[in-house]
Amino acid sequence: MTDLAELDRLELQQTLADLGVPRFHGTQIYRWLYKRGVSDLARMTDLSRKLRARLAETVTITTPELIRKEVSSDGTAKFLFRLADGRLIESVYIPDTPAQTFCVSTQVGCAMRCAFCLTGKMGLIRNLTAGEIAGQVRVLAHETGLADQSFNVVLMGMGEPLHNYDAVMKSLRMLADKDGFGVNPRRVTLSTVGVVPAMAKLAEEDLMPNLAVSLHATTEAQRDTLVPINKKYDIEELIDACRKMPLRRRGKITFEYVMLAGENDSPADARRLVKLLRGLKAKVNLLPLNEAAGIDFKRPSDDVVDRFATILADNDVTVSVRKSRGRDIRAACGQLATDR
Ligand code: SAH
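All residue numbers refer to position in the chain's written sequence, counted from 1. The model is predicted, so local features are restricted to residues of pLDDT at least 70 and side-chain atom pairs to those at 80 or more, both for listing and for counting; the totals for chains, interfaces and linings are taken over all residues. Side-chain metrics in this entry use all non-hydrogen atoms of the structure; hydrogen atoms and water are not considered.

Right, let's talk about the domain arrangement of the protein for a bit. Domain delimitation follows an automatic or database domain assignment. Each assigned domain of the protein is listed with its residue range as follows: domain 1 (2–60) and domain 2 (65–329). Each of domain 1 and domain 2 has a C-alpha centre, and these two points are 33 Å apart. Should any heavy atoms of two residues lie within 4.5 Å, those residues are considered in contact. The interface of domain 1 with domain 2 comprises 15 residues on the first partner and 18 residues on the second. When residues of domain 1 are sorted by the area they lose upon contact with domain 2, Glu 6, Tyr 34 and Lys 35 head the list and together hold 48% of the total. Salt-bridge detection follows one rule: a side-chain nitrogen of Lys or Arg within 4 Å of a carboxyl oxygen of Asp or Glu. In this assembly, domain 1 and domain 2 are joined by five salt bridges. For Glu 11, the salt bridge identified is with Lys 170, shortest N-O distance 2.7 Å. Listed by contribution, the elements that provide at least two residues to the side of domain 1 that touches domain 2 are helix 1 (9–18) and helix 2 (24–34). Helix numbering and strand numbering both begin at the N terminus, where a helix is a DSSP run of H or I of at least 4 residues and a strand a DSSP run of E of at least 2. In terms of residue count, the dominant contributor to the side of domain 1 that touches domain 2 is helix 2 (five residues). Each residue belonging to the side of domain 1 that touches domain 2 can be placed in one class, and the counts come to five nonpolar, three polar and seven charged. Each of two parts loses accessible area, computed with a 1.4 Å probe, when they are put together; buried area is these two losses added. When residues are sorted by character, Ala, Val, Leu, Ile, Met, Phe, Trp, Tyr, Cys and Pro go into the nonpolar class, Asp, Glu, Lys and Arg into the charged class, and all the rest, Gly among them, into the polar class.

In structure tokens, the structure reads:
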């Protein structure tokens, strides 16, 4: 059985053509799936009964099964999904005005093992398929009633997107399709820990998302301990790869910087960060640590965060502090883990 949810629109049309079914039916099915959130062939009423019955014998359509939805006091919602093999993943809806954002996972667990991240504690269980990545957006868009509106997609859930490159790029293609949601790549942000060779590949893509880089440290020794992949691709190589990224007009790379009390939050750290980013089209997003059981770091006080941000701003570095959304339901950055 071919799983139609794993196909982009052209592949879907080709699959139907191979079965002797006219291609335009592929467009119809794609619209049902994305625009109307219907993944049951029997309900695709603009296909003839005969065609539906025939397809039911040769194809399936898999959608992540929503098994729990928790809503935070700030409106953020966390979705727990069961996948076809029983594995669990989480996605988050972050409402804001004017932008609505879906934060989706790209892997079950993560191999990167950043010292402060709960997902990393799970290790990598498996990659998600393109259909599972796009499927989270399908379900969230319909659960939130936003399927007809534009929304942002951030690849900032569980997993390292550039460690699952092909599936991630295919899911972006599926989401960008005009017969689906038509998500403009400008509304997509891919966050990476810095898988340097994959960044070079990304630089060549047509559907180039915005890039966020999880920097988190300013010296090699410090980053080696916080973000272990630094031992393979160090800060120097990472910054070099960032310099080579093509950017849109007025585009900038976001550098995420988790703030850990007494570890990387001093004025000297801030000044080193200024120096490191010199000459780059960059903005910094400070992420005061979201604490969790099993994470041996502390969140710095707001004053310490402000002092750090002020040093950046005084040196003409654009800086923002990430609002921590959904902490009461463990939906905030670094808190996604389904290995209970
Ligand atoms: N693997 C990708 C995608 C994850 S995005 C990446 O590393 O970029 C999630 C962001 O939240 C990353 O910047 C990550 O380092 C950060 N993060 C992880 N644990 C956190 C925590 N406990 N508190 C705040 N931010 C955290």
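Let's shift gears to the sheet that holds strand 14 (residues 318–321). Backbone-to-backbone hydrogen bonds join strands into a sheet, with any given pair of strands oriented parallel or antiparallel. The strand order across the open sheet built from ten strands is 3-4-5-6-9-10-11-12-13-14, with neighbouring strands paired in mixed fashion. Both outer strands of the open sheet, strand 3 (65–71) and strand 14, are each paired with one neighbouring strand and no more. Ignoring which end each strand starts from, the neighbouring axes of this sheet average 20° apart. Bridge count for strand 6 (residues 100–103) against strand 9 (residues 152–155) is three bridges, and the pairing is parallel. Opposite Thr 101, over in strand 9, you have Asn 152 as the bridge partner. The criterion for strand pairing is that DSSP finds at least two bridges linking the strands in question. Interaxial angles span 0 to 180 degrees and are taken between N-to-C directions of axes, which are lines fitted to C-alpha atoms, for helices over the stretch in contact.

Burial analysis of strand 5 (residues 88–95) places six of its eight residues in the buried class, which makes it a mostly covered element. Here strand 4 (residues 77–82) pairs with strand 5 via six bridges, running antiparallel. Residue pairing across strands places Ala 77 opposite Tyr 93, the latter belonging to strand 5. From the end of strand 4 to the start of strand 5, which pair antiparallel, there are five residues, and Gly 86 there has a positive phi angle of about 90°. Summarising the sheet, strand 5 and strand 6 pair through four bridges and their orientation is antiparallel. Looking at strand 6, one finds that Val 92 is bridged to Cys 103. Between strand 5 and strand 6, which pair antiparallel one after the other, the connecting turn spans four residues. Here the term buried applies to any residue with accessible area under 20% of the maximum for its type, exposed to any over 50%, and partly exposed to those in between, with areas from a 1.4 Å probe on protein chains only.

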